[in-house]
Structures are given as C-alpha cells and as structure tokens.
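Residue strings, one per chain:
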Amino acid sequence: MKYISTRGNAPVLSFEEAMLTGLARDGGLYLPESIPTLTADDIKALHGVSYEEAAFRIMRPFIGDAFTDDEFRTIIARTYAGFGHAARAPLKQLDAGHFLLELFHGPTLAFKDFAMQLIGQLFEASLKRSGDRVCIVGATSGDTGSAAIEAFRGLDKVDVFILYPHGRVSEVQRRQMTTPVEDNVHAIALDGDFDACQARVKDMFNDFEFRDAVGLAGVNSINWARVLAQVVYYFTAAVSLGAPERKVSFTVPTGNFGDIFAGYIAKRMGLPIDWLIVATNQNDILHRCLTTSEYKPDGVIPSISPSMDIQVSSNFERALYYAYDQDGAAVAQLMDELKAGGFSVSQGALEALRESFASGRCDEDETRATILETWNAAGELLCPHSAVGVKVAEEMRDAATPMITLATAHPAKFPAAVEKASGQHPPLPDRMADLYERSERVTRVENDLAAIETLIKDRIPN
Ligand SMILES: *Cc1c(COP(=O)(O)O)cnc(C)c1O
C-alpha cells in the first residue's frame, strides 16, 4: 500500500513512513493511493466480533507489509487494553432512532485516545526495529495533547512536545498534559490561540533543517494512522445497528475534520452510510463553507467546546482532494489562496462534498440547553462537544435512518461547563480521581518559531 500527498508533489511513502512523517514535504497530507473495500459479506462477518478483531480486519489492508499479522494483533491488543469499557466504543440509545457512540472510555477521556494509543504502540514497534529516535511535536486545543502525552510517556525512543494555547484549555485537559512525570514529555503553553499553535507546528515541519536535525515526527490529526484508527468505530457502530443491510447516518462534533473524515473513508470502503453531518459550534467555518462554498477564516471565538474552536481545519484538505477528483495541483492552489485569506470551493467540488456531507451549527446557549435537555430526557450527561453533535443531529435526522452521534469526550473533562448547564457535577472515573492533587510541570513560550525551536533543541538528548 502506497501513500500519496493531497498536493501531489511529495515522495510516495509506505504506511510506516507516512505514519512517522505526518505532514508531507509539499505541505500536503498523506492518503492511500487507493482505498481498499470490504464486501457486504466482510461487513456482515463483523457482527459479534470484539472491537480488537474488527480493528484488525478493517485496518489490516492499509498497513501493507509494515507489520506481520501477529505483530499487528499484539499492537492492537495493547492499544485498547487501558480502556475503561469492555466494548471500547459502546453505543447507547438517546431516543427512538437516535444513538450515542461513547468514545470517551480511553485513558484521557476523549476519542483521541482511540488513535493516539494506537500511534504510540505503532511508533514503539517501528522504532524498536530501526533503532531511530524521533521528536514528536504537536499542537492541541486540549484533547490531542493529553492523549499524545499519555500515549508516549516513558517510551524509549520518543520525545514529545505539545503546544497548547495558554489559558484556553480546560483544567482537566491542562492537568492531563502537565502532571505526567516522565521527562520525555513536555507541555508547552503558547501565548496564542490553537490556530497559532497549529501554524507554528506547520512552520517547524517546513523548516527542513530543523526537521531533519531533531528527527521531527507528527501525531496531529493530520497523521494518516490516526484517521485510520478512527475508521474502525464507524464500522462497529453501524454493524451494531444492522449494517450492511441497514443504512445509518452519523453526526460528528467537528473541528479539524479528522474524525468525520474517518467516517468518509469508512463510506468509501463500502460501509452504507447515508449522511455524515458536520456539527460545528459558533466557530462555524465548515458549516459556512458547505452552505455557501466560501472558506474564509475570521478569527476564533473561544467557546465551551474548546476542542472545536478552530478556523483552519487541516483534514478538510483531504475531503477537498476527493471533491476535486484527486487533483493535487487544484488542492495546492486552494491552499495557496487560503494563505492569502480564503478560497471558494468550485461548484463541482461543492456538489461532490454535498453527496456525503451535510452540516449544522450550534451556539453556546443551544449547547447548554442541549446538555440540560438530554440529562432530563435520557439521563445522559453530555460534554459540550457531544451536546453540539446531539443538537445538530436532532435538527437534521429523519425517522427512516438511525442517527449515531459521536460522544467525543467524557463530561468530567469539562466539569465547569457541564455543571453550569445541568446543575450536575460530573465526577472523574476512579482511575484518575487524584488528578487535582498531582503537581504540574509546564513551560510558557511566546508565539515565536525561533524561540520554540531553541527550546526543543535544548531539551532533547543528543
Ligand atoms: C478533537 C475533538 C473534536 C474535534 O475532532 P476533529 O477530528 O478535530 O474534527 C471534538 N470533540 C472533542 C472532545 C475533541 O477532543
């Protein structure tokens, strides 16, 4: 299996190389040259198998000869061993025809653990073999960073630096990043918003001298291996509700478009998905783009669903690549226009996007009201991100097709917002109940590329 860049101008890589690299050298994102499909019988055969077995069957065709079947099964078993629920991604019912896919039973209580725990195991297996050392640098609006630090803490051949926007992550998110004691993990509080963090990480990848000197590797949501891990639960959820005989729709609380893009891959692999609904908070650039064709960032407004406070949605580039018929030059052109302020999706590409994606927006008051209403109606305490999804799903769903809304984080990750909305205090699961007592370790840094690069060079062992 070969991987190519969305901008058509970077080396073609194997799965392992694409995973270790993250961002392509032409600034693009890696995608498989062709997408393997599962037959209806393959999908039927997923009924009743464990999450791990489903993960093996769904991901195996994408990894080529990077790992033997036995190695890959071991990697998957380790990946999900630390989850707090036997089903890994259990499905709950909210109402007739509306289901909640709980993706928050991993070690940092957000869906990012599904992919990040896998990446940790994949990196460990791969670096053990090669003897190389890598330096992982990532930007986070909160959940990616905690998931990455949790996945890589204490691993031998890896240093991890996570940039988060100072003062804009929840206390639980911050503590999950700043309390691990292993010295290969570093939480960096940047003076700027998430887009600034993400921009500096991109700058570091585009500084080839620095990139090669420190052995830079990326695990942000642009990393193909992360998207791949997320494909699995679309299958397991749909199969639980009767796929492949019955179609389902998904509503996905969306920021960087990684999670919902995994749903799009599942659809292209043959899973009968009716709609993939992009749910945004007040930072609604994706909703505006899908309704008007204009993609014009205009500044992030902080919200109570901070992991979706994004204006530059990196993985959207992958969807554009398919919408533009896999024309890398056209995508590169759009991304150049984005640097100059924004772009407009062509009529043909917009129609292609609208064949799979619909969208909706949920403001702050609606988010709070949905937390309260869902608590009252179904006894489910939603995190603000999941509430954005549930609200948009309620607006968009039809009686004929089951709707599955992705619950992307545990309510205890955002206790202040949840309590204010519902009057209920969401307790942390027992296994992390002492989080507030652990001491913190963090470095604050200005929004300046040179300063960040110096800090990283100083910290890594030579
Ligand atoms: C990351 C995150 C999202 C957004 O997911 P994307 O893949 O970036 O679209 C939504 N909710 C939570 C809780 C998250 O951590």
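What counts and what doesn't
- Residues numbered from 1 in each chain as written.
- Predicted model: local features only at pLDDT ≥ 70, side-chain atom pairs only at ≥ 80, totals over all residues.
- Heavy atoms only, no water.
- Near = heavy atom within 4 Å.
- Polar contact = N/O pair within 3.5 Å; in protein donor to acceptor, adjacent residues only side chain to side chain.
- Areas by Shrake-Rupley, 256 points an atom, 1.4 Å probe, with all protein chains shown as cover.
- 1 Å grid on protein atoms, 1.4 Å probe; cavity = no way out; pocket = protein on both sides within 12 Å on 5 of 7 lines; lining within 4 Å.
- Sits in = over half its atoms within 2 Å of the grid points.
- Buried < 20%, exposed > 50% of the residue type's maximum accessible area, 1.4 Å probe, protein only.
- Helix = DSSP H or I, 4+ residues; strand = E, 2+ residues; numbered from the N terminus.
- Pairing = 2+ DSSP bridges.
- Right-handed = clockwise from strand over helix to strand, strands pointing away.
- Axes fitted to C-alpha atoms, helices over the stretch in contact; angles between N-to-C directions.
- Contact = heavy atoms within 4.5 Å.
- Nonpolar A, V, L, I, M, F, W, Y, C, P; charged D, E, K, R; others polar.
- UniProt positions renumbered as here; feature names shortened; annotations may be inferred.

Peer 1: Can you break down the site of the ligand residue by residue, with the values?
Peer 2: In the neighbourhood of the ligand, 15 residues make up the surrounding shell, with K112, D143, G255, N256 and T408 lying closest. For the ligand, an oxygen atom lies 2.8 Å from a polar atom in the backbone of G255. Surface burial for the ligand is 98%, taken as the share of its 380 Å² of free accessible area covered by protein chains. Comparing atom positions with the cavity grids shows the ligand to sit within the largest cavity.

Peer 1: Residues and numbers for the pairing of strand 11 (residues 273-280), please.
Peer 2: Most of strand 11 is tucked away: six of the eight residues are buried. In terms of strand pairing, strand 10 (residues 248-253) meets strand 11 through five bridges, oriented parallel. Bridge assignment links V252 to a residue of strand 11, and that residue is V278. The parallel pair strand 10 and strand 11 is bridged by helix 11 (residues 258-268), and the resulting crossover is right-handed. In terms of strand pairing, strand 11 meets strand 14 (residues 357-361) through five bridges, oriented parallel. Across the sheet, the residue bridging to I277 is A358, located in strand 14.

Peer 1: Account for the packing of helix 11 against helix 13 (residues 316-323), naming residues and giving values.
Peer 2: Relative to each other, helix 11 and helix 13 sit at 35 degrees, their axes nearing to 9 Å. Where helix 11 approaches helix 13, its residues F261, Y264 and R268 are matched on the opposing element by R318, A319 and Y322. A per-class count over the contact of helix 11 with helix 13 returns four nonpolar, no polar and two charged.

Peer 1: A description of the UniProt feature "domain: Threonine synthase N-terminal" (unreviewed entry) in the protein chain should follow, citing residues and the corresponding values.
Peer 2: Per the UniProt record, the feature "domain: Threonine synthase N-terminal" (unreviewed entry) sits at residues 2-80. Segment residues 2-80 splits into 47% helix and 11% strand. End C-alpha atoms: 27 Å apart.

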